[in-house]
Amino acid sequence: GPCLLGGVVGVPIGIWLLFHLPAARLMATFGALLASYAIYSLVKPASLKLRGCGSRWWGIGVGLVGGVVGGFTAFPGAAVVVWTGLRGLPKAQHRAIVQPYIIISQIYSLVLVALLHPAYLNARFWLLLALSLPVVVPGTLTGLALYRRTSDINFRRISFVLLGISGISL
């Protein structure tokens, strides 16, 4: 809940940034930060955890950052993934926070773009969405099956590797 509350405020800021600042530079900067964090997380001792930052206010702040980032990168979960990773949460708790945040943030962002910049949701957008669904659905099901078989430590490792790849691709 707190993350979503912060995200509701952050997404419009991120969308504004996307349409008013150099998007390529924003994404490159964010990508470099994300890749650096992933590398750090892979090499730091597993016992090193961020303590004392699990309050509602921290959740709102992290959700706000995630909303801003999601507004200009379409990757809203990054800040929340980093926050849950730094806290060393077990995979079930991590997933219970991150997954709803990403889904709701993406839907909210699309609604805002549709209202504020409807020209961007043109026929090309819908074609690309339709073309991606045959890959997304089996990928999601495969990810779910792997999630069930993965230990907490391997889940964290996989998450950090995927974050690093995402950062590099940005």
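Residues numbered from 1 in each chain as written. Predicted model: local features only at pLDDT ≥ 70, side-chain atom pairs only at ≥ 80, totals over all residues. Heavy atoms only, no water.

**Student:** Describe the environment of Thr150, and please don't skip the residues or the numbers.
**Tutor:** Of note, Thr150 is situated in the loop between helix 6 (123–149) and helix 7 (152–169). Sequence-wise, Thr150 and Lys91 are 59 residues apart; in three dimensions their C-alpha atoms are separated by 9.2 Å. Discounting chain neighbours no more than four positions away, the residues touching Thr150 are Lys91, Phe155 and Ile158. Among the polar contacts made by the side chain of Thr150, one reaches the main-chain carbonyl oxygen of Leu146 at a distance of 2.5 Å. (Helix = DSSP H or I, 4+ residues; strand = E, 2+ residues; numbered from the N terminus. Contact = heavy atoms within 4.5 Å. Polar contact = N/O pair within 3.5 Å; in protein donor to acceptor, adjacent residues only side chain to side chain.)

**Student:** Residue-level account of the packing of helix 3 (residues 56–73) against helix 4 (residues 77–87), with values.
**Tutor:** Angle between the axes and distance between the axes are the two parameters that describe a pair of packed helices. Contact pair helix 3 / helix 4: the axes reach a minimum separation of 7 Å and the direction vectors enclose 145°. Helix 4 is crossed by helix 3, and the crossing has right-handed handedness. Packed against helix 3, whose contacting residues are Trp58, Gly59, Val62, Val65 and Gly66, the element helix 4 presents Ala79, Val80 and Trp83 at the interface. For the contact of helix 3 with helix 4, the per-class residue count stands at six nonpolar, two polar and no charged. (Axes fitted to C-alpha atoms, helices over the stretch in contact; angles between N-to-C directions. Left-handed = near helix turned anticlockwise from the far one by under 90°. Nonpolar A, V, L, I, M, F, W, Y, C, P; charged D, E, K, R; others polar.)

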